[in-house]
Amino acid sequence: MVQAMTFLQGAVAAVAFVGLTRRGRLRLGWSFALYLVSITIFNTLMGLWPGRFLNWPTWLFRELTYAGLKVALAIELSGLLFRAFPSARQTARTGLLAIFSVSAAWIAMASPGSLGEWIRLGVPRIKCGEAFLLAWLLMVVLWYRIPLHSHHKAILMAFAPYLLVFTVFLQALETYGWTGTSDVNYLNMLVFLGVLIYWLIVAWRPEEVSEVHPSVAKTVQPWA
Amino acid sequence: MWWIIVLALVTLLPVVYLAGRRSERATMKDWELVLTPRGQRALQTMHQETRAELALVDLTYEQAKGAADDGDPEQMMRLLDLGCRLIESYCPTMLRSLAAMSVLSRMVSAMAPVRPLRPRDFKLRQLTNLAYMNAFFHHFLVTTGERFRLRLYILSRSFLALMRVVTRATGDARNMPDVSPEWRTFEAARKDVRTLSEDSLEAFRVLLVSMEAERKA
């Protein structure tokens, strides 16, 4: 079941990536495109060769890769979304730096040494930090009333709640032990599959016709 | 760790909910308003509408005074009620405009300077006090954007205070038919609502000027 679900996630991520390519939306977030590619690669490997790849070291490596890509995504989005708004960009970057520093210190405080400690202590804290990083961008967007592209909105709207669900799953892992969490694991995988399907739909959706004057759109979203 | 998760849920989920509810199309329209000549047209329309509504308020209160002079208390009360309702419907419109301006002002990185409200421009004591408060806190704020938003906040509070004063004065006139209504209060409220409206329009103009300057930069 886990194997099939893992493979399915990889396949959905691949189709979402193709959608982004076909609709010319890769430039709206290179880190996100890379993230989809990495999901495809890792999940295909884990789904097709579970004996070799469906293990904790690979899982940890995968999660750390995702974490790096999400940090890159937050930085990339802070540059894209607020390109025309220096004040908002400054606020966003200051907040990102603060959240990143606090998260790094918090992870260091856990001083994970072994693989088990990284999975039980390190990764939940990384996920929590990621959730705050992306939610912070959403807060700045709301505060400064920055219009979002549907692609960016889909990324931010799905990531923040999913990362929280994932953190709860990992925390349950730590609290209830490694064996009593299979139901939570299925739920976590199911939620992530839902997130990927949502991104797939948004990636393939045609571009909406803008109702505002082109000069306004160009001023507010110069990258579009 | 669980407490961090609870904290994250409490803080992040409302943000996601608000972002989900927000219409990107409406947000883009707001930008269009301040970045194109549509803003100037909106300012002119607001000017005209404000003038027309305030003229109606003036007319209603003058007729109420006339009815009182003619010894027709029922007609006077009807007109006072009408005047009160006009102000009650006018103030929320201005409050919504001020709230929208406050949000739009965050889009500007360099706001044109604004002066605080002048206490001597107001007749009602409550509004004079608010204007003093504005003048006092104005000097504690560093950026023109913060000063601008303080001014909008004080204007909003002033509209609310004015609405309360008029409602109370109208209620008193209804409950005590033997006592002459507080014409001085009504007169002061009429003048103050005009001053507040002019200050609100001035704020909108400053916002548009700042947006225009930013666009050119």
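Okay, so let's go over this structure. In every chain, residue numbers begin from 1 and rise along the written sequence. By the order in which they are written, chains take letters starting at A while ligands take numbers starting at 1. Two thresholds apply to this predicted model, a pLDDT of at least 70 for residue-level local features and 80 or more for giving and counting side-chain atom pairs, whereas whole-chain, interface and lining totals are computed over all residues. Side-chain metrics in this entry use all non-hydrogen atoms of the structure; hydrogen atoms and water are not considered.

### A word on the pattern of salt bridges
Note the threshold: Just to be clear on terms, a salt bridge is a Lys or Arg side-chain nitrogen sitting within 4 Å of an Asp or Glu carboxyl oxygen. Numbering of helices and strands starts at the N terminus; helices are DSSP runs of H or I of at least 4 residues and strands are runs of E of at least 2. Per-residue accessibility, obtained with a 1.4 Å probe over protein chains only, is compared with the maximum for each type, and a residue is labelled buried under 20%, exposed over 50%, and partly exposed between these values.
Applying the stated criterion across every chain yields a total of 17 salt bridges over all chains. Close ionic contact of A:Lys127 with A:Glu63 constitutes a salt bridge, the shortest N to O distance being 2.8 Å. Note that A:Lys127 is positioned in helix 6 (residues 115-144) and A:Glu63 in helix 4 (residues 56-81), a separation of 64 residues in sequence. Pair check on accessibility: A:Lys127 and A:Glu63 agree, each one buried. Through salt bridges that share partners, B:Asp58, B:Glu62, B:Glu187, B:Arg190, B:Lys191 and B:Arg194 make up one connected network.

### Focus: the interface of chain A and chain B
Rules: Any two residues whose heavy atoms approach within 4.5 Å are treated as being in contact. What gets called buried area is simply the loss in accessible area from a 1.4 Å probe that two parts show on being joined, summed for both. Definition of a polar contact: a pair of N or O atoms within 3.5 Å, with one able to donate and the other able to accept a hydrogen when the atoms are protein atoms, and with sequence-neighbouring residues admitted only if both atoms are side-chain atoms.
At the interface, 38 residues of chain A touch 30 residues of chain B. In total, chain A and chain B occlude about 3300 Å² of area from one another, counting both sides; carbon and sulfur atoms represent 74% of this. Looking only at chain A, the three residues that lose the most surface to chain B are A:Leu142, A:Arg145 and A:Leu164, adding up to 20% of its buried area. The tally of links between chain A and chain B comes to two salt bridges. Between B:Arg25 and A:Glu208 there is a salt bridge, with the nearest N and O atoms lying 3.5 Å from each other. Taken together, chain A and chain B are joined by five residue pairs in polar contact (both at pLDDT 80 or more). When residues of the side of chain A that touches chain B are traced back to their parent elements, those giving at least two are helix 5 (86-110), helix 6, helix 7 (150-176) and helix 9 (214-220) of chain A. If one sorts the elements of the side of chain A that touches chain B by residue count, helix 6 of chain A sits on top with twelve residues.

### Describing the packing of aromatic side chains
Residue and element names in this part refer to chain A. Threshold: A pair of aromatic rings is counted whenever rings of Phe, Tyr or Trp (Trp by its six-membered ring) have centres within 6.5 Å, and the orientation is called stacked for planes under 30 degrees apart, edge-to-face for over 60 and tilted otherwise.
Counted by the stated rule, this structure contains 16 aromatic pairs over all chains. With a centroid separation of 5.8 Å and 75° between ring planes, the pair formed by Phe 42 and Phe 61 is classed as edge-to-face. One end of the pair, Phe 42, is in helix 2 (residues 30-48); the other, Phe 61, is in helix 4, with 19 residues separating them in the sequence. Seen from their ring centres, Phe 42 and Tyr 66 are 6.1 Å apart, and the 80° between their planes marks the pair as edge-to-face. One end of the pair, Phe 42, is in helix 2; the other, Tyr 66, is in helix 4, with 24 residues separating them in the sequence. The exposure class of Phe 42 is buried, given its relative accessible area of 11%.

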